[in-house]
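Structural description and commentary
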Amino acid sequence: MGLALSVALKAQTLSEVLNDTKASIFYYGIDFTKAKLIGDPNANPQDIVDRQFAGINALMLNEPKKYDIAGAFRRSELQSDLSFVDKRNAKIDPDELISSSTEDFNRLSEKDVTALVKAFDGGNRSGTGLLFVVDGMSKYKKAVSLWVTLFDIKKKNFINRAFRR
């Protein structure tokens, strides 16, 4: 699986964030608000929105050995708060989730992800936020495309934008 990465030099660089292991990264979870589920016409989109998205987010935190997000960012642990993404994900229109177009797998632009981060409520926190933004989930490919986004919580400026295919 390839990983394309671009770095925007704002308050910090990606290298500074990863190498300063004492600086905290606050994990906000997985944002599915723009996601498309491709090639699964029998899926129950209402159940996915009502139950499965929150369950996936909880699973990522409840099984840290299997999903070592902290380790991927050179940390022993990450502080987290899933409440904002859970609220956002709960508002998804189930009728907009299902797609039959393979082109929907990589359809989000940097502008789309920027808008999601700019509208993000990081609470009273400061420092670096981590948010995964899902683009497409393909039953055909058995794969997920997503943006791994590190950002300055207060300024909502990107530290990096990484698109995984």
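Our structure is the block above this text.
Predicted model, so just to flag it, every value in this text is computed and none were measured.

Conventions used here
Residues numbered from 1 in each chain as written. Predicted model: local features only at pLDDT ≥ 70, side-chain atom pairs only at ≥ 80, totals over all residues. Heavy atoms only, no water. Core = buried A, V, L, I, M, F, W, Y, C linked by side-chain atoms within 4.5 Å. Buried < 20%, exposed > 50% of the residue type's maximum accessible area, 1.4 Å probe, protein only. Helix = DSSP H or I, 4+ residues; strand = E, 2+ residues; numbered from the N terminus. Contact = heavy atoms within 4.5 Å. Expected span 1.5 Å × (residues − 1). Bend = angle between axes of the 7 residues up to and from the residue. Polar contact = N/O pair within 3.5 Å; in protein donor to acceptor, adjacent residues only side chain to side chain. Lys, Arg positive; Asp, Glu negative; His and termini not counted. Salt bridge = Lys/Arg side-chain N within 4 Å of Asp/Glu carboxyl O.

So, the nonpolar core
Residues Tyr 27 and Leu 130 are the most contacted members of the largest nonpolar core, which totals 44 residues. A per-element tally of this core places strand β6 (residues 128-138) first, with 6 residues. If sequence neighbours within four positions are ignored, Tyr 27 has contacts with Asn 57, Met 60, Leu 61, Ile 69, Leu 78, Gln 79, Ser 80, Asp 81, Leu 82, Leu 130 and Phe 132.

As for helix α2 (residues 45-62)
Counted at 1.5 Å a residue, the expected span for α2 with its 18 residues is 26 Å, and the 24 Å between its end C-alpha atoms agrees. Arg 51 marks the point of greatest bend in α2, at about 40°. Those residues of α2 not exposed but buried are Pro 45, Ile 48, Val 49, Phe 53, Asn 57 and Met 60. On its buried face, α2 is in contact with β2 (25-31), β3 (36-38), α3 (69-72), α4 (83-90), β5 (98-99) and β6. With a side-chain oxygen lying 3.2 Å from the backbone nitrogen of Gln 46, the N-terminal cap of α2 falls on Asn 44.

Re the side chain of Asp 152
Within the secondary structure, Asp 152 sits in strand β7 (residues 143-152). No salt bridge is formed by the buried Asp 152. Its closest oppositely charged neighbour is Lys 155, at 4.9 Å. In terms of polar contacts, Asp 152 uses its side chain to reach the backbone amide nitrogen of Lys 154, at 3.0 Å. A distance of 2.8 Å separates a polar side-chain atom of Asp 152 from the backbone nitrogen of Lys 155.

It is worth stressing that arrangement in space is one thing and function is another; only the former is reported here.
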